[in-house]
Amino acid sequence: MKPTITAFESSPDEGEGQARDMRVRWALEEVGQPYDVRLVSFEAMKAPAHRALQPFGQIPTYEEGDLVLFESAAIIFHIAERHAGLFPADDDGRTRAVMWMFAALNTVEPPIVEREAAMILETKKPWYAERQVMLDERVNTRLADLSRRLGDAAWLDGEFSAGDLLMVTVLRRLDGHGVLDAYPNLMAYVARGEARPAFERAFADQLAVFTASR
Ligand code: GTB
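Residues numbered from 1 in each chain as written. Predicted model: local features only at pLDDT ≥ 70, side-chain atom pairs only at ≥ 80, totals over all residues. Heavy atoms only, no water.

## What to know about the overall build of the protein
- Helix and strand counts for the protein come out as nine helices and four strands.
- When the helices and strands of the protein are placed in sequence order, the string is β-α-β-α-α-β-β-α-α-α-α-α-α.
- Relative to a compact globule of 214 residues, whose C-alpha radius of gyration would be 17 Å, the protein shows 18 Å and is just as compact.
- Along the first, second and third principal axes, the C-alpha atoms of the protein reach 50 × 45 × 30 Å.
- Expressed as a percentage of the 214 residues in the protein, the buried residues total 48%.
- Looking at the protein alone, contacts between residues at least 24 apart form 68% of all its contacts between residues at least 6 apart.
- As presented, the protein carries roughly 10,900 Å² of accessible surface, and 54% of it is formed by carbon and sulfur atoms.
- Both charge centroids of the protein, one from 24 positive and one from 34 negative side chains, sit 3 Å from each other. (Helix = DSSP H or I, 4+ residues; strand = E, 2+ residues; numbered from the N terminus. Rg over C-alpha atoms; globule rule 2.2 N^0.38 Å. Buried < 20%, exposed > 50% of the residue type's maximum accessible area, 1.4 Å probe, protein only. Contact = heavy atoms within 4.5 Å. Areas by Shrake-Rupley, 256 points an atom, 1.4 Å probe, with all protein chains shown as cover. Lys, Arg positive; Asp, Glu negative; His and termini not counted. Charge placed at Lys NZ, Arg CZ, Asp CG, Glu CD.)

Here you go:
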C-alpha cells in the first residue's frame, strides 16, 4: 500500500531540506517505495485532525492503511524493517544500524540543535558569547569523536544503512555554519550521502514544494 507522509506546506528552511520530512522521503527513495505527500500549514498542524496523527502538532507523519506513525526515526525504522536497503541482512549488523540511529538522534543531534536554538533565540542575551563558546565545545566534542570513529570508512558500519541516513541528516544541520570544516572526513561523509541518487530525488521533491509555494 502506498504510504502518505506529511510535510510543511511552506517550509521555514526555504527548500534546504532541513525539515524532518526530508529524512523520511530519503528513506522511502532508498528502498524504492512510492509515496504521497500531504502538505500542511502551521495552522492545520495544530488542529485536532492533525494532532490525532501527531500528538505534538508536528510533521512528519506516516499513514499506511490503518497504520499511523509519527517520529521520523520510528518511521524510518518501520520502512527499514519492511524493505531491503536500509538494514544489513545479518542480525548483528541490523542491531548496530539501530544503534547508530540512536547515536545520531540521542548523542550527536542534541548539542547541534541546542547550539542552533541559542543562535536563533538567545543572541541578544548578555551572557550569549560565553554560552556560545560552551555550545561550540559540546558540538566539537561529538564531531571529533565521530570523525575519529569514521576514519577513512565510507559509512559508519560497512554498507550504507538507516544509521548513516540519520547521521547525515543530523550533520547537514551544520550546513553553512563552517563547523564541519575542521573535519574533512565528516564533510566527505555528508557529501557522499548527498550524492546518493535517493537523496537527490528526495531533495528535489521537497525543493519543488518550496518553489511552488513562492
Ligand atoms: N522528533 C520529531 C521527529 O523526528 O519526527 C520532531 C518533529 C519536528 O521537530 N518537526 C518540526 C515541526 O513540525 C519540523 S522538522 N515543527 C513545527 C512545530 O513544532 O510547531 C524541524 C525543523 C524545522 C525547521 C527547520 N528549518 O527551518 O531549518 C529545520 C528543522
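## Observations concerning the layout of surface pockets
- Its volume calculated, the largest pocket comes out at about 800 Å³.
- Looking at the lining of the largest pocket, the elements with two or more residues in it are helix H2 (42-45) and helix H5 (91-121).
- By residue number, the principal contributor to the lining of the largest pocket is H5, which donates six residues.
- The class makeup of the residues in the lining of the largest pocket is eleven nonpolar, seven polar and ten charged. (1 Å grid on protein atoms, 1.4 Å probe; cavity = no way out; pocket = protein on both sides within 12 Å on 5 of 7 lines; lining within 4 Å. Points joined across faces, edges and corners; volume = space filled by probe spheres on them. Nonpolar A, V, L, I, M, F, W, Y, C, P; charged D, E, K, R; others polar.)

## Considerations on empty space enclosed by the protein
- All chains considered together, the criterion is met by three cavities of 30 Å³ or more.
- As for the largest cavity, its lining consists of 15 residues, and the residues nearest its centre are Phe8, Ser11, Asp21, Gln206 and Val209.
- Looking at the lining of the largest cavity, the elements with two or more residues in it are strand S1 (4-8), helix H1 (21-31) and helix H9 (197-213).
- Looking at the lining of the largest cavity, its residues break down into six nonpolar, five polar and four charged.
- Considering only enclosed or pocket space, the second largest cavity measures out at about 70 Å³ in volume.
- Lining of the second largest cavity is provided by Gly17, Gln18, Ala19, Arg20, Met22, Arg23, Thr169, Arg172 and Arg173.
- Looking at the lining of the second largest cavity residue by residue, the class counts come to two nonpolar, three polar and four charged.
- No fewer than three residues from each of domain 1 (4-86 + 198-213) and domain 2 (91-195) sit in the lining of the second largest cavity. (Domains from an automatic or database assignment.)

## So, the environment of Gly93
- Summarising the element assignment, Gly93 is placed in helix H5.
- Judged by relative accessible area, Gly93 falls into the buried class, the value being 3%.
- Taking the C-alpha atoms as reference, Gly93 lies 7.9 Å from Asp157; in sequence the two are 64 residues apart.

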